[in-house]
Amino acid sequence: MSNLDFISHQPQSFCGLIKHDWKDEIPNYNLIGVPLDISSSYRPGARFGPDSLRRILQSENFECVSEKGIDLTRYFRLKDWGNIGIINTDIGKSLRRVSEGVTDLISFQKPFLIMGGDHSITIGVGKAFENKNIPVHIIYIDGHLDLYDEVNESRLSHACSLKRLSELQTFDGATILGYRDFLSEQVEYAKQKDMLLYSTSYLQHQANLFDFGTSLIQKLASKHQYFHISIDLDVLDPSFAPGVGNPVACGLTSRDLVTLLLGIFNALPPGKNFSWDIVEYNPLFDTADITAFFVIKLLIELLGEQIKFV
Ligand SMILES: [Mn+2]
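Nothing here was measured: the structure is a model prediction, and the numbers come from that model.

Conventions we followed
- Just so you know, the residues in each chain are numbered from 1, in the order the chain's sequence is written.
- Per-residue local features are limited, in this predicted model, to residues with pLDDT of at least 70; the limit for side-chain atom pairs, both in listing and counting, is 80 or more; totals at the level of whole chains, interfaces and linings are taken over all residues.
- Only DSSP runs of H or I covering at least 4 residues are called helices, and only runs of E covering at least 2 are called strands; the numbering of each starts at the N terminus.
- Atoms counted for the radius of gyration: C-alpha only. Globule rule: 2.2 Å times residue count to the power 0.38.
- Residues with at least 20 neighbouring C-beta atoms inside 10 Å of their own are called buried, those with 12 or fewer are called exposed, and the rest are partly exposed, where every C-beta is derived from the backbone.
- We call two residues in contact when the distance between their C-beta atoms, placed using the backbone, is within 7 Å.
- Think of a nonpolar core as buried Ala, Val, Leu, Ile, Met, Phe, Trp, Tyr and Cys residues, each tied to the set through C-beta atoms within 7 Å.
- To estimate the expected span of a helix, subtract one from its residue number and multiply by 1.5 Å.
- Think of each axis as a best-fit line through the C-alpha atoms, taken over the contacting stretch in the case of a helix, with angles from 0 to 180 degrees between the N-to-C directions.
- Geometric relationships in this document are graded by angle, where less than 35 degrees denotes roughly parallel, more than 145 denotes roughly antiparallel, 65 to 115 denotes roughly perpendicular, and other angles denote oblique.
- Definitions for this section: a left-handed crossing has its near helix turned counterclockwise from the far helix by less than a right angle. A right-handed crossing has that turn clockwise.
- Only Asp, Glu, Lys and Arg are considered charged in this grouping, and only Ala, Val, Leu, Ile, Met, Phe, Trp, Tyr, Cys and Pro are considered nonpolar; every other residue, Gly among them, is considered polar.
- In short, DSSP must find at least two bridges between two strands for them to pair.

Participant: Could you clarify how one ought to interpret the overall build of the protein chain in this entry?
Facilitator: Assigned secondary structure in the protein chain consists of nine helices and eight strands. Computed over the C-alpha atoms, the radius of gyration of the protein chain is 19 Å, within 12% of the 19 Å expected from 2.2 N^0.38 for a compact globule of 310 residues. The C-alpha extent of the protein chain, read off along each of the three principal axes, is 70 × 40 × 40 Å. Out of the 310 residues in the protein chain, the part that is buried amounts to 49%. In the protein chain, of all internal contacts separated by at least 6 residues, the share reaching a separation of at least 24 is 78%.

Set out below in C-alpha cells:
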C-alpha cells in the first residue's frame, strides 16, 4: 500500500450501477440526459440538471440498496448514454434531437430513464412514440397541468407539454397526479380528453398512497400497451424540492411521492413496457442539494421496485 491509496476511493459511477467490467454483457437499463431549458418560463437552470445529478451520484454518500433491502448492483447493468446535444437557440430542432434519441432508446425494448431538462423535453419523448407508432398512456405527475396552448408566443413552452402530448396521433390518454396550480378551462380540456385528474389535495387525503398507486395501475394496465411516467419535481412542496423552475407551495412530501410511485411500479406487471422521465431539477436554486438528494433517493427506491423488468 502506498500513501496514495488514502487519497480517494475509486470513484463510483452512477451510484455503482455503471460497471466497467461488463465485457460483452448488454445493458439492461438505459439512461440519457437532456440539458434543455430554453422554454423555461420563470427560473431557467434545468439545463444543468443532468450533469449536476451525475456529479452528486458519484459521491460516496449512498449505498445502492433500497429500503426493502434490494442491492441494485446485483440486478442492473445501466448504460448512461450521456446528454443529447441541445441547440440552445432552437427549441424545435432540440426537441427533434430528443425525439430521435428516444426513438433509438425505445428500439432497445429495455426500460429507460430520461433526466431533464425542463418539462418541454417530454414533448420530444411523446414524438418518439409517435415515430414508432406506439400508443402511450402518460402518467403526468406535476404541480401544474401544463395545458396552455401557447406561452410567450411559444407552443413548445414547458407549460404546454401535456397539451402538445394530447395532440399526438399515438396519445393514449393521460393520468394527472398532484396538480394544484391551474386554470379552470385547463381542467375542462383535460376532462374533455378523458384524462384522469387527481389534485394534490386529493392525494394528500388518501389514507395510503401506495395502495392508491397500485389500484390506479391495476385499473389502467390492461387498457394500455405502454406507459410513460413523467415526474416534474415541482409536484413536491418547495420545502422538499427548492431546486425547481416553478415552485408551488403546499405540495406533496418527499415520502408521499416515493410511496405513490412505489405503488405505481409495484402494480405495473412484469413485461409491461414503460419509460420515465424526471424533469425540472434546477441546481441553481437547489439549497444545500436538497432536491438532488431526493432525486437520488427516488432513483434507488424506484429501481428497487423495478428489478422485475430487467
Ligand atoms: Mn410543473
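Participant: Please clarify how unusual backbone geometry should be interpreted in this entry.
Facilitator: With the exception of glycine, most residues fall at negative phi, and the peptide bonds are largely trans. Note that the residue after Gly 116, namely Gly 117, is joined by a cis bond; omega there is 15 degrees. Here Gly 117 is to be found in the loop between strand 3 (112–116) and helix 3 (121–131). In this structure, Asp 194 takes a positive phi of about 60 degrees despite not being glycine. In this structure, Asp 194 sits in the loop between helix 5 (184–192) and strand 6 (196–199). The backbone of Asp 289 shows a phi angle near 60 degrees, a positive value even though the residue is not glycine. Within the secondary structure, Asp 289 sits in the loop between strand 8 (273–279) and helix 9 (290–304).

Participant: Whenever I open this one, the nonpolar core confuses me. Can you help?
Facilitator: In this structure, Ile 114 and Ile 264 are the most contacted members of the largest nonpolar core, which totals 82 residues. With residues up to four places along the chain from it excluded, the contact list for Ile 264 reads Ile 139, Gly 213, Leu 216, Ile 217 and Ile 229.

Participant: Can you walk me through the environment of Ile 176 in this structure?
Facilitator: Position of Ile 176 relative to the elements: it lies in strand 5 (residues 171–179). Along the sequence, Ile 176 and Ile 138 sit 38 residues apart, while their C-alpha atoms lie 8.2 Å from each other. With residues near it in sequence (within four places) discarded, Ile 176 still touches Tyr 140, Leu 145, Ala 190, Met 195, Leu 196, Leu 197 and Tyr 198.

Participant: Just checking my understanding: could you explain helix 9 for this structure?
Facilitator: Three- or four-residue spacings in an α-helix give side chains the same orientation, since the helix completes a turn every 3.6 residues. Taking 1.5 Å per residue as the helical rise, helix 9 with its 15 residues ought to reach 21 Å, and the 21 Å between its terminal C-alpha atoms agrees with that figure. Listed in full, the buried residues belonging to helix 9 are Thr 291, Ala 292, Phe 294, Val 295, Ile 296, Leu 299, Ile 300, Leu 302, Leu 303 and Gly 304. Looking at the buried positions of helix 9, the neighbouring elements they touch are helix 1 (49–57), helix 8 (254–267) and strand 8.

Participant: Where do I start with the packing of helix 8 against helix 9 in this structure?
Facilitator: Helix packing geometry: the angle between the two helix axes and the distance between the axes. At a closest axis distance of 10 Å, the pairing of helix 8 and helix 9 adopts a crossing angle of 25 degrees. By the angle between their directions, the pair helix 8 and helix 9 is classed as roughly parallel. The handedness of the crossing between helix 8 and helix 9 comes out as right-handed. Where helix 8 abuts helix 9, its residues Ser 254, Val 258, Leu 261, Leu 262 and Phe 265 lie against Phe 294, Lys 297, Leu 298, Glu 301 and Leu 302. Classifying every residue of the contact of helix 8 with helix 9 gives seven nonpolar, one polar and two charged.

Participant: Looking at this structure, how should I read the pairing of strand 3?
Facilitator: Of all five residues in strand 3, five are buried, a share of seventy percent or more. Direction of pairing for strand 1 (residues 29–34) relative to strand 3: parallel, over a ladder of five bridges. Bridge pairing in strand 3 places Asn 30 opposite Phe 112. Here four bridges tie strand 3 to strand 8, and the two strands are oriented parallel to one another. Paired with Met 115 across the two strands is Ile 278, which belongs to strand 8.

Participant: Explain the environment of Asp 104 to me, please; I cannot follow it from the model alone.
Facilitator: With respect to the secondary-structure elements, Asp 104 resides in helix 2 (residues 91–107). C-alpha separation for the pair Asp 104 and Lys 132, spaced 28 residues apart in sequence, amounts to 9.6 Å.

Participant: What am I meant to see in the sheet that holds strand 7 (residues 226–232) here?
Facilitator: Hydrogen bonds along the backbone pair up the strands of a sheet, which may run parallel or antiparallel. If you trace the eight strands from one edge of the open sheet to the other, you get 2-1-3-8-7-4-5-6, paired in parallel fashion. Edge positions in the sheet fall to strand 2 (78–83) and strand 6, since each has one partner strand and no second. Taking each pair of neighbouring strands and ignoring which way they run, the sheet shows an average axis angle of 15 degrees. Bridge count between strand 4 (residues 136–141) and strand 5: five bridges; the pairing is parallel. If you follow Ile 141 over to strand 5, its bridge partner there is Leu 177. Its contacts with the sheet put helix 2 on strand 1 and strand 3, and the angle it makes with strand 1 is roughly 175 degrees.

Participant: Help me out: how do you make sense of the packing of helix 7 (residues 209–220) against helix 8 in this one?
Facilitator: Following both chains from N to C, one finds helix 7 and helix 8 inclined at 35 degrees, their axes separated by 7 Å at the closest point. Between helix 7 and helix 8 lies a crossing of right-handed hand. Side by side, helix 7 and helix 8 meet where Leu 209, Phe 210, Asp 211, Phe 212, Gly 213, Thr 214, Leu 216, Ile 217 and Gln 218 of the first sit next to Asp 256, Thr 259, Leu 260, Leu 261, Leu 262, Gly 263, Ile 264, Asn 266 and Ala 267 of the second. Partitioned by chemical class, the residues of the contact of helix 7 with helix 8 number 10 nonpolar, six polar and two charged.

By themselves, these are just geometric observations and shouldn't be taken as functional.
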